[in-house]
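This is what each chain is made of:
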Amino acid sequence: MKSLFVAVWVVGIASGSWAVSMDDMVPEFMCPCPDQCGKALEVCECSDAAGYKNEVATLLQSGLTADGVREKFVEKYGPAVLASPPARGFGLVAYLLPPLAIGLGVLIAAALVRRWRRPAARVPGLTDRDIRRAEERMKKWNSSNGS
Amino acid sequence: MTYLGEWAIRFDLAVVSAGMLAGLYGIWKRSEFFLEAQRRALVLSAALIATATISLVWAFFAHDFSIRYVASYSSRQLPLGYCLTALWAGQEGSQLFWLFVLSVYSSAYLWVHRADRGDLPYHSTGLVLLGVQHFFLSIVNFASDPFVRLWPVPPDGNGLNPLLQHPAMAIHPPMLYTGFVGMTIPFACAMGALIVGRLDEGWIKKCRVWTIFSWTILAIGILLGGRWAYDELGWGGYWAWDPVENASLIPWLTATAFLHSVMIQERRGMLKIWNMTLILLTFLLTIFGTYMTRSGVVASVHSFARQPVLGGMFLAFIVSVAALGAGLIGWRYRALRSENRIESYLSREAVFLFNNVVLLGLAFAILFGTMFPTVYEMVKGSRISVGPAFFNKVTIPLFLILLVLTGVGPTISWRKATASHLIRNFSLPIAAALVTIGIFEFWGIRGLKAPAGIGCIVFVLSCLILEFARDSRARSASTGEGALAALGSLIGKNRRRYGGYIVHAGFAITALGIVVSSGYQIQQEIRLSPGQSARVDRFDLRFLGLTEGRLPNAEFVQATLDVVSGGVPLGRIVTEKRLYEKTEQPHTETGLISRLGYDFYVVLAAWTESGEVTLQVYVNPMVTWVWLGGGVLVMGAIICLWPPIGKHK
């Protein structure tokens, strides 16, 4: 059984220099396993994940830069292997739309508050003369009703 | 027994259809007879769904592999406890469980509000509940039948996904479902009020209480999910922005927005249309979340159940409900107009409004990120991925703004805050936050994001502590009570307000755990032979050796280590890898020493025949505070929900 496990989780010889770089690189990829588990490689526990992590390590050991590793992975597994959308073309929409939508929301909320803050159309105030006239009419109405 | 369950869900479709017709006619003609018939249909439906659910669970315990669902998700070796959790392991059982929870909620609604039986909104709410129940019954009967038979009957089943064989799986999915499904009740109350045009305070009170309840349960579900991921997935973290995790967080965010804006409606008679929209949106998002994870539209670890027919049914339901809901809001537009106006940007109403924008912005950003691979595929024809790096980038600034508003909201006054009020309430918290950031800078502690986050958290907690201190001092002065007694009676006398503050404190504590554990995590890979030692941060590990063994349904290899810090033994850690026989899936059991200040977390990554092991070691500072804060948050919510003692309706 041990050998089966070893086959599943065999990991290359770790050296201090690439271990750090590998930690930086792995979060940039999704697990490209044939089952399409859809998890980030960093988090994935499927039986193939360790192999892909090992592949990142081997590519880094071979002297490739971060960009080189990314290119190799995209070439081999397709663009879906990258954990972030490309910051160009239609991929830019992913970065631009959320802040634009939130900015629009803030503007709408600010405009609403501004509109609500405007005092309502003023009704002409009552003068002393109006009040006197109203009181006289009330008296008249009361006397005509006998109260 | 299983035939009984099968026929119960078939018959129930007829019962619910008849109940809906009775309800429609009863509301139209104001006929008590038909309204009562609808109520009884809802009760009978709950009994039938319970029968179907119990019979499926019984089939798991009896290893009845003539049922395809049982054969797909269990085996004879499956421990007895997991025969129950297997109910929600796959799509068909999950839908039946959804229905079961909904029927329990519907019955609870009928019972809790039984005093309102003479009121029309009570019945119109029941009609909406029947409508939602009808949709899920159609799913279970026509698209996702859990009682499909197999012939010949296989001698054994396929077994349960090992990731689901964890005690948290017994609580986490039911909690998520209970939270998700619970959002149906406020939706039904709101739509019921719109149908009959009774838009007074009644519906909003019911809505608020049921939303707080479901929101709390959903929060517990999300936190338990994080704990499960932390214990079981072996990558040292608890949130991976998986579509299923996102699906649970998005409606929780919109429900949070509703719980804040509803206060403006209750207090100032404003934002009525907005609140109706939020309730509708939250319900739609719970359905969309179920759709996202069940239809296969988004690739996910959880999308083990993909069916296009099912997706089509969900989509049709979502579009219909959105159209009906929007139509009803439009129909009652005049009755939903605001009674008041916001007087100042510096007021609690304005802060709540901006808090709503941020919460909805977060929900939108997460939903958009989750769906972007599908949108991209539709536009460009190829598929891309959106992983944790993207979500962190987009959401962290918004969460920071939300944190600040969490402190400002409870302390700023309604209508208009004066300059002296602002200085009195916020000068000390701002100073505390700046001093905290200054300390981090002075000591040269790495990073900028984490100190900024911690500064925001200090601000929030200072605001809340000051508010509690001021109010309890005032009470103590007026009643002569001691400080603690005054604090206790303050909370007891105004549970909703101070319970809410405790919820905010819980949120801030959880945020503290997240910021510190992710900002200052230490990760190291080490290789050790038996008897060798290594040092990670301030911890010394001594590897004792490897052990092999067998469980009833799996083989395992264990590495045992002793951990010492500063000469003090912390304990023995055992980390293992399991290989489940039926599924042949490997699985990690992490080794963990958990303290309030840090977690020492070890994962067995690989080993050789000679007994040498490769270990992934993580030191996660203050990670326990994530769940501790969750506990405080739930406690605050319970205080909010606790009914007044000695008062009867």
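Predicted model only: the values in this text are computed from it and were never measured.

Procedures and definitions
- Residues numbered from 1 in each chain as written.
- Chains lettered and ligands numbered in written order.
- Predicted model: local features only at pLDDT ≥ 70, side-chain atom pairs only at ≥ 80, totals over all residues.
- Helix = DSSP H or I, 4+ residues; strand = E, 2+ residues; numbered from the N terminus.
- Buried ≥ 20, exposed ≤ 12 C-beta atoms within 10 Å, placed from the backbone.
- Contact = placed C-beta atoms within 7 Å.
- Rg over C-alpha atoms; globule rule 2.2 N^0.38 Å.
- pLDDT = per-residue confidence, 0-100.
- Nonpolar A, V, L, I, M, F, W, Y, C, P; charged D, E, K, R; others polar.
- Pairing = 2+ DSSP bridges.
- Axes fitted to C-alpha atoms, helices over the stretch in contact; angles between N-to-C directions.
- Domains from an automatic or database assignment.
- Core = buried A, V, L, I, M, F, W, Y, C linked by C-beta atoms within 7 Å.

Enquirer: Honestly, the overall build of chain A in this entry has me stumped. Any pointers?
Expert: When you go through chain A residue by residue, the secondary structure sums to six helices and zero strands. Counting from the amino terminus, helix and strand elements in chain A follow one another as α-α-α-α-α-α. Relative to its 147 residues, chain A shows a buried fraction of 26%. Considering only contacts within chain A whose residues lie at least 6 apart along the sequence, 50% involve residues at least 24 apart.

Enquirer: Help me out: how do you make sense of the overall build of chain B in this one?
Expert: The number of helices and strands found in chain B is 19 helices and nine strands. For 649 residues, the compact-globule estimate of 2.2 N^0.38 gives 26 Å, and chain B sits close to it at 27 Å. For chain B, the spread of C-alpha atoms along the three principal axes comes to 85 × 80 × 55 Å. Here chain B holds 649 residues, and the buried ones make up 53% of them. The contacts of chain B with a sequence gap of at least 6 include a subset with a gap of at least 24, amounting to 74%.

Enquirer: Just checking my understanding: could you explain the confidence of the model for chain A for this structure?
Expert: Keep in mind that low pLDDT regions are not for reading the predicted coordinates in detail. Residue and element names in this part refer to chain A. Per-residue confidence for chain A gives a mean pLDDT of 74, with 73% of residues at or over 70. For chain A, helix H1 (residues 2-9) is the element with the lowest average pLDDT, namely 41, and helix H4 (residues 66-77) is the one with the highest, namely 88. Contacts for the low-pLDDT stretch residues 1-20, under 50 throughout, to residues beyond four places or in other chains number 32 contacts.

Enquirer: Sorry, what's going on with the interface of chain A and chain B here?
Expert: Interfaces are often sized by the amount of accessible area the parts lose when they come together. Taken together, the contact between chain A and chain B spans 43 residues of the former and 53 residues of the latter. Breaking the side of chain A that touches chain B down by element, the ones donating at least two residues are H1, helix H2 (16-25) and helix H5 (92-117) of chain A. Ranked by the residues each element gives to the side of chain A that touches chain B, the list is headed by H5 of chain A, at 11 residues. In the side of chain A that touches chain B, the residues fall into 30 nonpolar, six polar and seven charged.

Enquirer: Looking at this structure, I do not really get the sheet that holds strand E9 (residues 613-621) of chain B. What am I missing?
Expert: Two pairing modes exist for strands in a sheet, parallel and antiparallel, and in both the strands are linked by backbone hydrogen bonds. Residues and elements named next belong to chain B. Strand order in this open sheet of four strands is E1-E9-E8-E7, and the pairing throughout is antiparallel. In this open sheet, the two edge strands, each paired with only one partner strand, are strand E1 (522-528) and strand E7 (591-594). Adjacent strand axes in the sheet meet at a mean angle of 15°, parallel and antiparallel pairs treated alike. In this sheet, E9 lies alongside E1 in antiparallel orientation, the contact comprising seven bridges. Across the sheet, Leu528 pairs through a bridge with Val613, a residue of E9.

Enquirer: Explain the domain arrangement of chain B here, please?
Expert: Residues and elements named next belong to chain B. Taken domain by domain, chain B comprises domain 1 (2-246 + 271-292 + 307-333) and domain 2 (522-625). Computed from C-alpha coordinates alone, the two centres of domain 1 and domain 2 are separated by 40 Å. At the junction of the two partners, domain 1 supplies 12 residues and domain 2 supplies 15 residues. Residues of the side of domain 1 that touches domain 2, tallied by class, amount to four nonpolar, seven polar and one charged.

Enquirer: Is there a simple way to explain the pairing of strand E8 (residues 598-607) of chain B in this structure?
Expert: Remark: a regular strand shows side chains that alternate across the two faces of the sheet. Residue and element names in this part refer to chain B. Taken across its 10 residues, E8 has 10 buried, putting it largely inside the fold. Taken together, the four bridges between E7 and E8 define a ladder with antiparallel strand orientation. Within E8, the position partnered with Ile593 by the bridge is Phe600. Counting the residues in the hairpin turn of E7 and E8 gives three residues. In the sheet, E8 pairs with E9 via nine bridges, with the strands oriented antiparallel.

Enquirer: Explain the sheet that holds strand E3 (residues 539-551) of chain B to me, please; I cannot follow it from the model alone.
Expert: All names here are of chain B. Here five strands make up an open sheet; going across it, the order is E2-E3-E4-E5-E6 and the pairing antiparallel. Each end of this open sheet is capped by a strand with a single partner; those strands are strand E2 (533-536) and strand E6 (586-589). On average, adjacent strands in this sheet sit at an angle of 30° to one another, irrespective of strand direction. When strand E4 (residues 554-565) meets strand E5 (residues 568-580), the two strands line up antiparallel, connected through 12 bridges. The partner of Thr560 across the bridge, within E5, is Val574.

Enquirer: Where do I start with the nonpolar core in this structure?
Expert: Nonpolar side chains tend to gather and get buried jointly when the protein is soluble and globular. Residue and element names in this part refer to chain B. In terms of nonpolar packing, the biggest core is built from 216 residues, with Ala190, Ile457, Ala508 and Leu512 touching the most fellow members. The dominant element in this core, judged by the number of residues it contributes, is helix H9 (residues 201-232), at 17 residues. When sequence neighbours within four positions are dropped, the list of residues in contact with Ala508 reads Leu403, Thr406, Ile457, Val460 and Leu461. Core analysis: the next-biggest nonpolar cluster, separate from the first, contains 23 residues, Leu541, Ile573, Trp607 and Val619 among them.

Enquirer: Sorry if this is basic, but what is going on with unusual backbone geometry here?
Expert: Most of the time, phi is negative for any residue but glycine, and the peptide bond is trans. Residue and element names in this part refer to chain B. A cis amide bond, omega 0°, links Trp151 with the succeeding residue Pro152. Mapped onto the elements, Pro152 comes out in the loop between helix H6 (120-143) and helix H7 (172-182). Even without glycine at this site, His63 takes up a positive phi of about 50°. Counting through the fold element by element, His63 comes out in the loop between helix H2 (32-61) and helix H3 (68-73). Phi angles above zero are rare outside glycine, and Leu271 is one such case at about 60°.

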